[in-house]
Amino acid sequence: MKPKKFLPPEEIEYQAMKLLEEYSAKVEPITGPAVPVDEIFEVYLQFDFSFADLSMKYGAHKVLAEIFIKNKKVVVDTSLDPDTHPDMIGRYNFTLAHEIGHWVLHRHEVFAVTNEPDLFGETANPVICRDGSSEPRELQANAFAANLLMPKEWVLREWLNISPDGSPLNIREEIERKADHMHLRGKKYELTSDVAKKMKPIFKVSTQAMHRRLNELGLLELGIPQETFF
């Protein structure tokens, strides 16, 4: 089921910040990173949560989670379990935030469907969240997760430790060097910046998520630096 309307970035950001404010007011104040996304998920929203081998269930890789919206139940793939795979904590947090995004942004669409009472329930197919999906609803949930885990105000505040005047960082030469290196090794993957790797532990996200967020906020530049005469 496709979203009934396009949600502008400002609305998605507003909904993420609203959730943080509600959690801070009713459960525990949050004033900076990292966001306790698992507490928001289980304690505040009261979702049932478990791990399972989803690649075996669906016979395909890159299935990170499934959400049963009406039942408030989420299953995450065992490959993201931070207890057994601590290096996946960033992907785990983003996946939970992504599922919260489905609940906040899309649950009303589900409950509005009166002719399909079991939609996304235990007896029907859940929303399956695949890594790299370009389906509009998935992109919206990703945008929500980015705003929830890496609020703009917090990122800009932490950025001052990298760039005291708040100016963007030009990473053109770094990315070109990495691209050349990976080309020689015959591998293809999303190139990320060293600064994203440095900042990711602060927000407890993956390097890729941190890099994308910095790029969205205009803090990374790939252009050729212009000479200044002043």
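Residues numbered from 1 in each chain as written. Predicted model: local features only at pLDDT ≥ 70, side-chain atom pairs only at ≥ 80, totals over all residues. Heavy atoms only, no water.

A. Up close: the overall build of the protein. The secondary structure content of the protein amounts to nine helices and six strands. Within the span of the protein, comprising 230 residues, buried residues form 42% of the whole. Within the protein, contacts between residues at least 6 apart in sequence are counted, and of these 69% link residues at least 24 apart. Counting every atom, the protein has about 13,200 Å² of accessible surface; 52% of that belongs to carbon and sulfur. (Helix = DSSP H or I, 4+ residues; strand = E, 2+ residues; numbered from the N terminus. Buried < 20%, exposed > 50% of the residue type's maximum accessible area, 1.4 Å probe, protein only. Contact = heavy atoms within 4.5 Å. Areas by Shrake-Rupley, 256 points an atom, 1.4 Å probe, with all protein chains shown as cover.)

B. Geometry of the packing of helix H6 (residues 152-159) against helix H9 (residues 207-216). Packing of H6 against H9 brings their axes to within 11 Å, and their N-to-C directions diverge by 90 degrees. Judged on the interaxial angle alone, H9 and H6 are roughly perpendicular. Here Lys-152, Val-155 and Trp-159 of H6 come into contact with H9, specifically with Met-210, Arg-213 and Leu-214. Across the contact of H6 with H9, the residue classes break down as four nonpolar, no polar and two charged. (Axes fitted to C-alpha atoms, helices over the stretch in contact; angles between N-to-C directions. Parallel < 35°, antiparallel > 145°, perpendicular 65-115°, else oblique. Nonpolar A, V, L, I, M, F, W, Y, C, P; charged D, E, K, R; others polar.)

C. Seen up close, the pairing of strand S3 (residues 73-77). Within S3, four of the five residues are buried, which leaves the element mostly enclosed by the surrounding structure. Examined bridge by bridge, strand S1 (residues 48-52) and S3 share five bridges and lie parallel to one another. Within S3, the position partnered with Asp-48 by the bridge is Lys-73. As defined by bridge partners, strand S2 (residues 63-68) adjoins S3 across four bridges and the pair is classed as antiparallel. Considered in S3, the bridge of Ala-65 is made with Val-76. Counted between consecutive antiparallel strands, the loop separating S2 from S3 contains four residues, among which Lys-72 sits at a positive phi close to 50 degrees. (Pairing = 2+ DSSP bridges.)

D. Spatial organisation of the packing of aromatic side chains. Using the criterion set out here, one finds seven aromatic pairs in the structure. Both rings, one in Tyr-23 and one in Tyr-44, keep their centres 6.2 Å apart while their planes meet at 90 degrees; by these two values the pair is edge-to-face. Note that Tyr-23 is positioned in helix H1 (residues 9-26) and Tyr-44 in helix H2 (residues 37-44), a separation of 21 residues in sequence. What makes Tyr-23 buried here is its relative accessible area of 1%. Seen in terms of ring centroids, Phe-47 and Trp-103 are 5.3 Å apart; in terms of plane orientation they differ by 90 degrees. Their pairing is edge-to-face. Of the two residues, Phe-47 sits in the loop between H2 and S1 while Trp-103 sits in helix H4 (residues 89-111), which places them 56 residues apart along the sequence. Accessibility assignment for this pair places Phe-47 and Trp-103 in one class, buried. Put simply, the rings of Phe-41, Phe-47, Phe-49, Phe-51, Tyr-92 and Trp-103 pair up and form one aromatic cluster. Lying over the aromatic face of Phe-68, Lys-73 brings its terminal NZ or CZ to 5.5 Å of the ring centre. (Phe/Tyr/Trp six-rings, centres within 6.5 Å; stacked < 30°, edge-to-face > 60°. Lys NZ or Arg CZ within 6 Å of the ring centre and 35° of its normal.)

E. Region of interest: a negative patch on the surface. Negative charge collects at one region of the surface, where Glu-28, Glu-39, Glu-42 and Asp-48 lie side by side. By secondary structure assignment, the location of Glu-39 is in helix H2. (Patch = residues over 30% accessible without salt bridge, like charges linked within 9 Å, V, L, I, M, F, W, Y side chains within 5 Å. Salt bridge = Lys/Arg side-chain N within 4 Å of Asp/Glu carboxyl O. Lys, Arg positive; Asp, Glu negative; His and termini not counted. Charge placed at Lys NZ, Arg CZ, Asp CG, Glu CD.)

F. Geometry of the environment of Ile-67. Relative to the helices and strands, Ile-67 resides in strand S2. Separated by 20 residues in the primary sequence, Ile-67 and Phe-47 place their C-alpha atoms 9.9 Å from one another.

G. Main features of unusual backbone geometry. In this model, Pro-33 is joined to Ala-34 through a cis peptide bond whose omega is 0 degrees. Note on placement: Ala-34 falls in the loop between H1 and H2. The residue Lys-72 is not glycine, and still its phi comes out positive at about 50 degrees. Mapped onto the elements of the fold, Lys-72 is located in the loop between S2 and S3. A relative accessible area of 24% means that Lys-72 is categorised as partly exposed.

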